[in-house]
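# Residue-level structural notes
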Amino acid sequence: MKIYRSLLWVFPFSLLSNLGAAALATTIELNLLPVNGPSQTCPATLVAHETLRPYFEGGFATDGMIKLRDIATDITLSQSDLFSASWVGTLKPQYRDCEASAIINSIDGEVFQGHSFLRVQLVDGQARVSLDMTGIEDANGYTSVILFKGIREGNPRWAWGGTD
């Protein structure tokens with residue numbers, strides 16, 4: 001998937017659209033790194049998914065979600081603007097003592113070494129997720145923007161995109 005993501009900026013989307021929607025779904029794994037050592041009960045990973053929307057002339061869009069309801073309840077969109085969105089929820093009882101942070105570790109099993117546009121913090125009994133497009137440029141050198149941010153089925157959902 002790392003190769004595919006780098007191809008997005010090199011090849012026109014019209015060529016890639018022939019791959020089909022199923023080939024474009026990705027699984028993003030975020031490893032949680034506890035602050036205070038192994039005595040805490042923290043989840044080992046969180047999973048997010050993104051799917052490239054079908055090609056449209058002049059741009060692209062990607063739909064995404066993170067499975068936050070696996071570890072938290074009462075999730076709300078707490079802050080948003082054109083480039084970023086943040087969600088917050090209450091950690092489930094088994095994770096309330098966890099203090100940890102996470103960034104993207106892998107996409108479809110391949111080590112991710114780019115700018116982590118998705119981050120998680122577990123602090124003070126809360127789970128905070130941040131989606132940040134700051135510094136993520138599209139093929140024309142414009143900043144990618146968030147097109148949708150909300151909650152569906154108890155999980156943070158988003159769409160982001162740019163020009164091709």
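The following refers to the structure shown. Remember, predicted model here, so these are calculated numbers, not experimental data. (Residues numbered from 1 in each chain as written. Predicted model: local features only at pLDDT ≥ 70, side-chain atom pairs only at ≥ 80, totals over all residues. Heavy atoms only, no water.)

### Notes on the state of the cysteines
Here is the rule we go by: Our working definition of a disulfide is a cysteine sulfur pair at a distance within 2.5 Å. Only runs of H or I of at least four residues qualify as helices and only runs of E of at least two qualify as strands under DSSP, and these elements are numbered from the N terminus.
Evaluated as defined, the whole model comprises one disulfide. The disulfide bridge from Cys42 ends at Cys98, spanning 2.1 Å between sulfur atoms. Here Cys42 and Cys98 share a disulfide; its torsion about the S-S bond, 110°, makes the bridge right-handed. Of this pair, Cys42 sits in the loop between β1 (25-34) and β2 (45-52) while Cys98 sits in the loop between β5 (84-91) and β6 (100-107), and the two are 56 residues apart along the sequence.

### A word on the side chain of Ser116
Here is the rule we go by: Relative accessibility thresholds used throughout: buried, under 20% of the residue-type maximum; exposed, over 50%; partly exposed, between the two (1.4 Å probe, protein chains only). Distance and chemistry together define a polar contact, namely a pair of N or O atoms within 3.5 Å, with one atom able to donate a hydrogen and the other to accept it when in protein, and with adjacent residues in sequence counting only for side-chain atoms on both sides. Contacts: residue pairs with any heavy atoms within 4.5 Å of one another.
For Ser116, the position within the fold is in the loop between β7 (110-111) and β8 (118-123). Residue classification places Ser116 among the buried residues on the basis of a relative accessible area of 9%. A polar atom in the side chain of Ser116 sits 3.0 Å from the backbone nitrogen of Ile104. When neighbours within four sequence positions are excluded, Ser116 is seen to be in contact with Ile103 and Ile104.

### Quick look at unusual backbone geometry
In this structure, Asp74 is a non-glycine residue whose phi angle is positive, near 50°. Mapped onto the elements of the fold, Asp74 is located in strand β4 (residues 72-80). Its identity is not glycine, yet Glu153 carries a phi of approximately 55°, on the positive side. Within the element layout of this structure, Glu153 appears in the loop between β10 (145-152) and β11 (155-163).

### Section: the packing of aromatic side chains
Aromatic rings in a pair are described by how distant their centres are and how their planes are angled relative to each other. Filter applied, for reference: Aromatic rings from Phe, Tyr and Trp, taking only the six-membered ring of Trp, are treated as a pair when their centres fall within 6.5 Å; an angle between ring planes under 30 degrees marks them as stacked, one over 60 as edge-to-face, and anything in between as tilted.
Going through the model one piece at a time under the given rule, you end up with three aromatic pairs. Relative to Trp158, the ring of Trp87 has its centre 6.0 Å away and its plane inclined at 45°; by these criteria the two rings are tilted. On the criterion of sequence distance, the pair formed by Trp87 in strand β5 and Trp158 in strand β11 is long-range, its members being 71 residues apart. Trp158 gets classed as buried once you look at its relative accessible area, which sits at 1%. Ring centres 5.9 Å apart and planes at 55° place the aromatic pair Phe117 and Trp160 in the tilted group.

### Some remarks on the nonpolar core
We apply this condition: What makes a nonpolar core is a set of buried Ala, Val, Leu, Ile, Met, Phe, Trp, Tyr and Cys residues whose side-chain atoms join them at distances within 4.5 Å.
Ranked by size, the top nonpolar core spans 34 residues in total, and within it Leu30, Ile66, Ile71, Phe117 and Leu118 carry the most contacts. In terms of residue count, the dominant contributor to this core is β6 (four residues). The contacts of Ile71, once residues within four sequence positions are left out, are Pro43, Leu46, Thr90, Leu91, Lys92, Tyr95, Leu122 and Ala127.

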